[in-house]
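Examination of the molecular architecture
Okay, here's what each chain looks like letter by letter:
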Amino acid sequence: TVTLSAPAFEDFGARLQRRPSEARLLSASLDVTKIRVPLPVLLYLFTVVIPIGFQAGPLAMTTLRLMLLIVVIPLTVQLFMGRYGRVRATDILFLFYIAWLAVALLVNNPDQVVEHVGSVGMEFIGGYAIGRAYIQSRESFAALSRVLVLIVLCLLPLALFEAVTGRPIILELIRKIPGLTSPPLNSMPQRMGLERVQLSFAHAIHWGLFCSAAFSL
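Quick caveat, the model's predicted, so the values are computed rather than measured.

The number of helices and strands found in the chain is nine helices and two strands. The N-to-C order of helical and strand elements in the chain reads α-α-α-β-β-α-α-α-α-α-α. The buried share among the 217 residues of the chain stands at 32%. In the structure as shown, the chain presents an accessible area of about 14,000 Å², 69% of it carried by carbon and sulfur atoms.

The following block contains the structure:
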């Protein structure tokens, strides 16, 4: 805590008036603390970290796919209508990727086109569209970064427990609820005498990727 006397505070204000760049920097740093991550982004992160699966008739669904099934079409349409700023090259390239995926599967694995293009395409475009729609400024990106780091810190005790015991607590708890499923429990060779942490993801590599993204930010 810093306490300024009245003369010192007046001098501080006068210096900021003389140096607008300092004032803008101070204002930006204060604004960042006020930014909140939008609810759709928080729901998206929750469904990524807590992968709850269930059967919808013949379809194997997850809470992540259910959410994206609801939002992917309206968000994508509004994206290409310019609702979230001008259409960028990356927006078009994302769609080209899905088109290329469909062509590649049609040539090599025609029996898997509908299943994989539907699931992968929805998750790929859906996650991107949520980011384009709701994370549009440096301040909102900084807020998102803080949330990602906070998620990793909250999950760290469970990760340490699994590294020692090999038990993914989150997946075990989900599997105990009737009617719900989770990614399969993987059995992998140890690394440096420790179990590879899957935590709540389909593979230990996915958990490592999630942590590396948060760590780099």
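A few words now on a nonpolar patch on the surface. Among the surface-exposed residues, Phe80, Val87, Ile92, Leu93, Leu95 and Phe96 lie close enough to one another that they form a single nonpolar patch of about 510 Å² accessible area. Tracing the chain through its elements places Phe80 in helix α4 (residues 63-80).

Both strand β1 (residues 53-56) and strand β2 (residues 59-62) contribute to a ladder of four bridges, which runs antiparallel. When the bridges of β2 are listed, Phe54 appears paired with Met61. Counted along the chain from β1 to the antiparallel partner β2, the turn is two residues long, and its residue Gly57 has a positive phi close to 65°.

Attention now goes to the pattern of salt bridges. For the structure on display, the rule yields three salt bridges. A salt bridge links Asp91 to Arg132, with the shortest nitrogen-to-oxygen separation between them at 3.0 Å. Residue Asp91 is located in helix α5 (residues 89-108), and its partner Arg132 is located in helix α6 (residues 113-134); the two are separated by 41 residues in the primary sequence. Residue classification places Arg132 among the buried residues on the basis of a relative accessible area of 12%.

Turning our attention to the confidence of the model for the chain. Per-residue pLDDT for the chain averages 84, and the proportion of residues at 70 or more is 84%. Here helix α2 (residues 20-34) stands out as the least confident element of the chain, with mean pLDDT 48; helix α7 (residues 138-165) is the most confident, with 94. Across residues 25-32, confidence stays below pLDDT 50; counting only partners more than four residues off in sequence or on other chains, it has six contacts.

Take the nonpolar core next. Ranked by internal contacts, the top residues of the largest apolar core, which has 42 residues, are Trp207 and Phe210. Those elements that provide at least two residues to this core are α3 (39-49), α4, α5, α6, α7, α8 (169-175) and α9 (204-216). Counting residues per element, this core draws most heavily on α7, which supplies nine residues. Ignoring sequence-local partners within four residues, the contact set of Trp207 consists of Leu155, Ala159, Val197, Gln198, Leu199 and Phe201.

Take the environment of Gly166 next. Within the element layout of this structure, Gly166 appears in the loop between α7 and α8. It is 8.7 Å that separates the C-alpha atoms of Gly166 and Ser187, two residues lying 21 residues apart in sequence. With residues up to four places along the chain from it excluded, the contact list for Gly166 reads Phe161 and Glu195.

Turning next to the packing of α4 against α6. For the pair α4 and α6, the least separation of the axes is 8 Å and the interaxial angle reads 60°. With respect to their mutual orientation, α4 and α6 come out oblique. Note that α4 runs across α6; the crossing there is left-handed. Residue-level inspection shows Leu64, Arg65, Met67, Leu68, Leu69, Val71, Val72, Leu75, Thr76 and Leu79 of α4 in contact with α6, the latter providing Ser119, Met122, Glu123, Ile125, Gly126, Gly127, Tyr128, Ala129, Ile130, Arg132, Ala133 and Tyr134. Classifying every residue of the contact of α4 with α6 by side-chain character gives 15 nonpolar, four polar and three charged.

Rules and cut-offs
- Residues numbered from 1 in each chain as written.
- Predicted model: local features only at pLDDT ≥ 70, side-chain atom pairs only at ≥ 80, totals over all residues.
- Heavy atoms only, no water.
- Helix = DSSP H or I, 4+ residues; strand = E, 2+ residues; numbered from the N terminus.
- Buried < 20%, exposed > 50% of the residue type's maximum accessible area, 1.4 Å probe, protein only.
- Areas by Shrake-Rupley, 256 points an atom, 1.4 Å probe, with all protein chains shown as cover.
- Patch = residues over 30% accessible without salt bridge, like charges linked within 9 Å, V, L, I, M, F, W, Y side chains within 5 Å.
- Salt bridge = Lys/Arg side-chain N within 4 Å of Asp/Glu carboxyl O.
- Pairing = 2+ DSSP bridges.
- pLDDT = per-residue confidence, 0-100.
- Contact = heavy atoms within 4.5 Å.
- Core = buried A, V, L, I, M, F, W, Y, C linked by side-chain atoms within 4.5 Å.
- Axes fitted to C-alpha atoms, helices over the stretch in contact; angles between N-to-C directions.
- Parallel < 35°, antiparallel > 145°, perpendicular 65-115°, else oblique.
- Left-handed = near helix turned anticlockwise from the far one by under 90°.
- Nonpolar A, V, L, I, M, F, W, Y, C, P; charged D, E, K, R; others polar.

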